[in-house]
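One letter stands for each residue in the lines below.
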Amino acid sequence: MLRLVPRQTGSTWMLWSAPVLAVILTVMAGGLMFLSLDVDPVAALGHILLDPFSTTYARAELLVKSAPLALIGLGLSLGFRAGVWNIGAEGQFTLGALGGGVVALAFWNVEGAWLFPLICLGGIASGMAWAAIPAYLKVRHNTNEILVSLMLTYIAVLLISALVSGPLRDPEGYNFPESRMFHASAVAPILIEGTRAHIGIALAPLIAVILWGVLMRHEIGYGVRLFGDAPKAARFAGFTEKGTVWFCLLLSGGLAGLAGALEATGPLGQLVPDLPAGYGFTAIIVAFLGRLTPLGVLVGAFALGVTYIGGESAQVAMSLPAAVVGVFQGMLLFFLLSIDVLVTNRVQWVVPAAAKIKAGP
Amino acid sequence: MDFVAGILVSLVIAATPLIFAAIGELVVERAGVLNLGVEGMMIIGAIAGFAGMVDSGSAVVGVVAAMAAGATLALLFGLVTQVLLANQVVTGLALTLFGLGVSALFGQRYTTYSLDRFPRIDIPYLSEIPLIGPVIFAQDALVYLSLFLVAAIWWALKFTRLGLVLRAVGENHDAAHALGYPVIWIRLGVIAFGGACAGVGGAYLSLVQTPIWVESMTAGRGWIALAIVVFAAWRPWRTLLGAYLFGGFTILQLHGQAFGVSIPSQYLSMIPYAVTIIVLVVISSESGGSRLSAPNCLGRNFQKPK
């Protein structure tokens with residue numbers, strides 16, 4: 001009989017091979033899913049896994065998708081380490097886009113190099129403000145941050161829809177629920193000519209390195225890690241729960257807000273009602289795939305970016321439903337969580353008690 | 001009179017899916033398991049119920065399909081958390097993401113269908129009482145089932161041996177194990193039951209409330225059901241109160257427009273979510289309140305000692 005026996009210390013080797021195994025299992029399960037849908041699995045998986053790397057444009061789009069996932073995932077990973085469950089990054093992302101967008105529209109047709117940084121700050125501040133609500137309620141009233149941040153996501157999605165059909169609607173837009181297109185000074189600078197690859201792609205690795213420094217080399221990061229591993233020890237060492245909750249929620253909210261502002265001023269160039277496209281939820285998978293470490297998150301964001309671009313490509317080429325992407329992402333997280341049991345446990349062969357009795361002379 | 005009755009009938013219809021999902025989750029949490037995947041199990045129930053009813057033409061087949069689908073998805077959660085010992089919070093989220101994806105995938109074929117009115121059962125004589133009659137005694141079978149379920153679970157938790165064992169598992173799983181109860185198996189059974197309830201709750205949306213299939217049609221009701229369990233302080237009767245309260249705020253947006261409230265519909269649609277936050281704050285800041293009534297082992301995995 002197979003039994004799980006706890007390990008003395010977690011296995012580092014399993015910790016890092018689990019995401020790789022999860023990806024392999026997801027691809028295999030995806031193939032079975034395509035078979036059951038009467039779709040050629042080799043062709044479909046080929047589109048999903050290879051198309052994102054096939055042309056310069058596709059490679060740039062891959063980075064465009066990975067950047068917001070990385071930015072949001074970076075913030076979330078720190079919180080998840082400390083046991084602060086910010087599930088509402090999607091809402092903070094949306095508010096960031098709104099905050100950045102409002103700055104862009106307020107200075108419409110005003111030129112200047114100062115405008116784009118101001119938009120980014122507007123996005124960060126809005127995302128932080130939205131995340132401050134669950135943070136305040138958690139420390140002041142001990143209200144569950146999971147449910148509050150999630151409810152705020154629904155409110156944020158309705159809010160952007162209301163604003164772009166009301167006060168922020170393009171006055172020359174024939175009543176379509178969308179804002180004006182942002183002008184030249186208000187859009188994110190393009191890194192690779194002829195593509196949509198914008199400045200956010202360079203910001204994500206930069207912020208990852210900074211956060212790595214904060215997490216591994218700074219007292220604040222030590223507190224975050226300690227709260228996750230041993231809350232009692234953390235309190236004894238003088239770190240407060242309140243400080244950790246505030247830090248984790250404001251950081252993840254600010255980064256999600258920045259991602260939102262970059263999404264609005266980058267690939268979209270305006271505010272539209274369907275701007276919240278689920279990055280905030282996908283980034284949760286990214287954080288876990290990256291083992292809740294800043295540099296791992298970058299790789300995780302890239303992997304999930306592949307599912308988006310490859311999924312779109314498979315949709316166009318083989319008329320597969322858009323939902324395939326969501327199923328792939330869900331499966332990936334399930335496999336990862338299942339394999340993770342082997343990080344803290346090992347499998348042991350145990351002779352069942354009944355068999356021992358029979359084995360007498 | 002008819003107008004008031006109309007509002008009350010729509011209140012019952014808005015609250016019923018919440019009752020199913022909340023009472024199922026309540027039992028799961030009383031056994032010490034926190035399954036945050038209610039939204040995913042509801043949406044899977046919504047599409048399975050709809051597909052079952054479209055393909056077979058029978059409402060019973062639809063409801064049974066929804067229960068089976070919800071329970072199956074729940075058992076996936078059970079396998080990953082109870083056997084493979086994964087974190088319950090993250091696994092619940094995974095269940096929601098997965099359920100939304102799978103339902104959208106299988107729902108593609110069904111977006112063009114719409115269903116006939118769900119069969120209504122008028123209870124003789126009682127349904128003719130003015131006001132109360134049409135509201136309580138002239139509803140569909142699922143409304144009666146939801147009320148029966150709450151009563152049955154209240155009774156089972158309070159007065160039966162099974163209820164006692166279940167609560168023991170939720171309060172102290174080590175003690176329950178030492179007494180010889182199979183903690184993991186009990187929890188797996190309860191998780192499947194909660195999934196079946198959430199599945200029926202979701203099916204109520206696609207079979208009775210709308211009745212069409214739309215992607216992501218649960219629109220956060222699974223999360224509201226989780227909030228109702230907190231609101232109810234893990235007591236069955238209070239879930240009824242919570243569900244009707246939230247149901248009331250859900251229909252406010254429909255009737256708000258009928259009353260000629262001239263603010264954009266999006267703001268009215270925010271009401272149930274905003275109310276959920278307010279209610280959570282009020283409940284959690286009661287002195288000691290929700291922390292004392294939450295099952296002791298809520299969200300903690302049980303691993304057999306060697």
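Nothing here was measured: the structure is a model prediction, and the numbers come from that model. (Residues numbered from 1 in each chain as written. Chains lettered and ligands numbered in written order. Predicted model: local features only at pLDDT ≥ 70, side-chain atom pairs only at ≥ 80, totals over all residues.)

Engineer: Quick rundown of the overall build of chain B? Include the residues and the values.
Structural biologist: Counting secondary structure elements, chain B contains 14 helices and 2 strands. Here the C-alpha atoms of chain B give a radius of gyration of 19 Å, agreeing with the 19 Å that 2.2 N^0.38 yields for 306 residues. For the C-alpha atoms alone, the extent of chain B along its principal axes is close to 65 × 45 × 45 Å. Counting all 306 residues of chain B, 49% fall into the buried class. In chain B, the proportion of contacts linking residues at least 24 apart, taken out of those at least 6 apart, comes to 77%. (Helix = DSSP H or I, 4+ residues; strand = E, 2+ residues; numbered from the N terminus. Rg over C-alpha atoms; globule rule 2.2 N^0.38 Å. Buried ≥ 20, exposed ≤ 12 C-beta atoms within 10 Å, placed from the backbone. Contact = placed C-beta atoms within 7 Å.)

Engineer: I'd love a proper account of the nonpolar core, names of residues and values included.
Structural biologist: Here is a general trend for soluble globular proteins: nonpolar side chains tend to be buried in one another's company. Among the nonpolar cores identified, the biggest contains 215 residues, and I72(A) and I228(B) are the most heavily contacted of them. Excluding anything up to four places from it in sequence, I72(A) contacts A89(A), F93(A), L255(A), A256(A), A259(A), Y279(A), G280(A) and A283(A). (Core = buried A, V, L, I, M, F, W, Y, C linked by C-beta atoms within 7 Å.)

Engineer: Any details on the pairing of strand β1 (residues 2-6) of chain A? Residues and values, ideally.
Structural biologist: Residues and elements named next belong to chain A. Where burial is concerned, little of β1 is hidden: 0 out of the 5 residues are buried. Pairing analysis gives 5 bridges linking β1 to strand β2 (residues 345-349), with the strands arranged antiparallel. Looking across to β2, one finds that V5 is bridged to R346. (Pairing = 2+ DSSP bridges.)

Engineer: Quick rundown of the interface of chain A and chain B? Include the residues and the values.
Structural biologist: Each partner contributes to the interface: chain A provides 36 residues, whereas chain B provides 36 residues. Of all elements in the fold, only α5 (115-141), α6 (145-165), α11 (279-289) and α13 (323-339) of chain A reach the threshold of two or more residues within the side of chain A that touches chain B. Its residues placed into classes, the side of chain A that touches chain B shows 24 nonpolar, 11 polar and 1 charged. (Nonpolar A, V, L, I, M, F, W, Y, C, P; charged D, E, K, R; others polar.)

Engineer: Lay out the confidence of the model for chain B with the relevant residues and their values.
Structural biologist: Across chain B, the average pLDDT comes to 88, with 95% of residues at 70 or higher. Overall fold confidence for the complex sits at a pTM of 0.90, while the interface term, ipTM, reaches 0.89. (pLDDT = per-residue confidence, 0-100.)

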